[in-house]
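# Remarks on the overall topology
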Amino acid sequence: MWNYWLGGKDHYEVDRVAGDQFAAAFPDIVAIARLSRYLLARIVRHVSVEAGVTQFLDVGTGLPTVDNTHDLAQRINPEARVVYVDNDPLVLSHARALLVGTREGVTDYMDADLRDPARILAGAAKSLDFDRPVALMLMGILGYVGDHEEAYAIVRTLMEPLPSGSYLAVWDGSNVVTGEALDKAQDDLNEGPGAPYTLRNHEEISRFFDGLELVEPGVVPITQWRPDPDPFGPPSPVDALVGVARKP
């Protein structure tokens, strides 16, 4: 469905039907899908240019679209290293075919589940140097871990071996703007055949950054995290929150 909302071509009829049903109940989802891609570009730009990070661990990458993490990072630094992680064979087959990085850098892919962080770390260590900072990207994925404590434990485990100067970037769905209408749409979708998704509030998403140094402006709607200049004024908030933090 995400690929469909982004205007991609890698989806099935069932994705289009479910996507249209969800969008009918919550029209902002299409905007959120596209705004999340703009957000990814701003985050990669910040940690690459301002923080000098050249390594990225992107967990739950999803189907390739445009301006994926390696496209953005290697455009800034051709020697950047990116490891993509997903547990969907379809995603991985598309990734290996389409996500081709620079000759100077590294673009790798591994089959692993978010709920198995030890496997992720072991695989990523084959391509990334854990003695140098790494940006851990968890973009729209933690909502698929419904148990809050399990989700927090996964993030702590993934961050634990990363050195000082590493970054954590998380965005996930929330209901702070739309409230009950979005709750109803998400509940209806969760009753279908797909993986259920848990919306989290500001406090719950902020807990992912415990012990880390949040980058300004903190945990905010994705439209309001370091937005590019807009002649029409500041962007309106949407039901997706993001934070980026540095490991001391």
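We now turn to the structure provided with this report. Residue numbering note: each chain is counted from 1, following its sequence as written. Given that this is a predicted model, residues contribute local features only at a pLDDT of at least 70 and side-chain atom pairs are listed and counted only at 80 or more, while totals for whole chains, interfaces and linings are drawn from all residues. Note that the side-chain values use all heavy atoms of the structure and ignore hydrogens as well as water.

## Quick look at unusual backbone geometry
Heads up, the condition is: Each helix is a run of DSSP H or I of at least 4 residues and each strand a run of E of at least 2, with the numbering of both proceeding from the N terminus. Only protein chains enter the accessibility calculation, which uses a 1.4 Å probe; a residue is then buried when its area is under 20% of its type maximum, exposed when over 50%, and partly exposed in between.
Pro217 follows Glu216 through a cis peptide bond whose omega is 10°. Its location among the elements puts Pro217 in the loop between strand E6 (213-214) and strand E7 (220-221). Despite not being glycine, Arg226 shows a phi value in the positive range, around 45°. Position of Arg226 among the secondary structure elements: in the loop between E7 and strand E8 (240-246). A relative accessible area of 30% places Arg226 in the partly exposed class.

## Thoughts on the side chain of Asp172
The cut-off we apply is this: Residues scored as charged are limited to Lys and Arg (positive) and Asp and Glu (negative), so that His and the chain ends carry no count. A carboxyl oxygen of Asp or Glu within 4 Å of a side-chain nitrogen of Lys or Arg is what we treat as a salt bridge. Two N or O atoms form a polar contact when they lie within 3.5 Å of each other; inside protein one atom must be a possible hydrogen donor and the other a possible acceptor, and for residues adjacent in sequence the pair counts only when both atoms belong to side chains. Should any heavy atoms of two residues lie within 4.5 Å, those residues are counted as being in contact.
Inspection of the secondary structure puts Asp172 in strand E5 (residues 167-173). Among buried Asp, Glu, Lys and Arg side chains, Asp172 stands out as unpaired, with Arg200 the closest opposite charge at 5.1 Å. Only 3.2 Å separates the side chain of Asp172 from the backbone nitrogen of Gly143, close enough to count as a polar contact. Excluding residues that lie within four positions of it along the chain, Asp172 makes contacts with Gly140, Ile141, Leu142, Gly143, Tyr197, Ile205, Ala240 and Leu241.

## Some details on the nonpolar core
The line we're drawing: The criterion is simple. A nonpolar core is a set of buried Ala, Val, Leu, Ile, Met, Phe, Trp, Tyr and Cys residues joined through side-chain atoms within 4.5 Å.
By size, the foremost hydrophobic cluster in this structure holds 34 residues, and its most contacted members are Leu57, Leu114, Leu136, Leu138, Leu168 and Phe208. When contributions to this core are tallied by element, the ones reaching two or more residues are strand E1 (55-59), strand E2 (81-86), helix H6 (117-124), strand E4 (135-139), helix H7 (148-159), E5 and E8. A total of 6 residues in this core trace back to one element, the largest contributor, which is H7. With residues near it in sequence (within four places) discarded, Leu114 still touches Val59, Ile120, Leu138, Ile141, Leu142, Val145, Ile154 and Leu158. Core analysis: the second largest hydrophobic core is formed by 28 residues, Ile32, Ala169, Val238 and Ala240 among them.

## Thoughts on the packing of H6 against H7
For clarity, the cut-off: In this description, a line fitted to the C-alpha atoms serves as the axis of each element, helices being fitted only across the stretch in contact, and the angle between N-to-C directions of two axes falls anywhere from 0 to 180 degrees. Orientation labels follow simple angle bins: below 35 degrees gives roughly parallel, above 145 gives roughly antiparallel, 65 to 115 gives roughly perpendicular, and whatever is left gives oblique. The crossing is said to be left-handed when, going from far helix to near helix, the turn is anticlockwise and less than a right angle, and right-handed when the turn is clockwise.
Between H6 and H7, whose axes approach to 9 Å, the crossing angle comes to 25°. With respect to their mutual orientation, H6 and H7 come out roughly parallel. Here H6 and H7 pass one another in a crossing that is right-handed. Contact with H6, carried on its side by Pro117, Ile120 and Leu121, involves Ile154, Thr157 and Leu158 of H7 and no other residues of that element.

## Points about the pairing of E8
Cut-off, in case you're wondering: DSSP bridges decide pairing: two strands pair if at least two such bridges lie between them.
The element E8 is largely enclosed, with a buried count of 6 among its 7 residues. Direction of pairing for E5 relative to E8: antiparallel, over a ladder of 7 bridges. Residue pairing across strands places Val170 opposite Gly243, the latter belonging to E8.

## Description of the packing of aromatic side chains
What counts here: Side-chain rings of Phe, Tyr and Trp (the six-membered ring for Trp) are treated as a pair once their centres are within 6.5 Å; stacked means planes under 30 degrees apart, edge-to-face means over 60, and tilted covers the remaining angles. Criterion for a charge above a ring: Arg CZ or Lys NZ at most 6 Å from the ring centre, at most 35 degrees from the ring normal.
Inspection of the entire model under this criterion finds 3 aromatic pairs. Arranged with centres 4.9 Å apart and planes meeting at 80°, the rings of Tyr144 and Tyr197 form a pair that is edge-to-face. With Tyr144 in the loop between E4 and H7 and Tyr197 in the loop between helix H8 (180-190) and helix H9 (202-206), this pair connects stretches of sequence that are 53 residues apart. The class of Tyr144 is partly exposed, set by a relative accessible area of 35%. Against the face of Trp225 rests Arg226, its NZ or CZ located 5.5 Å from the ring centre.

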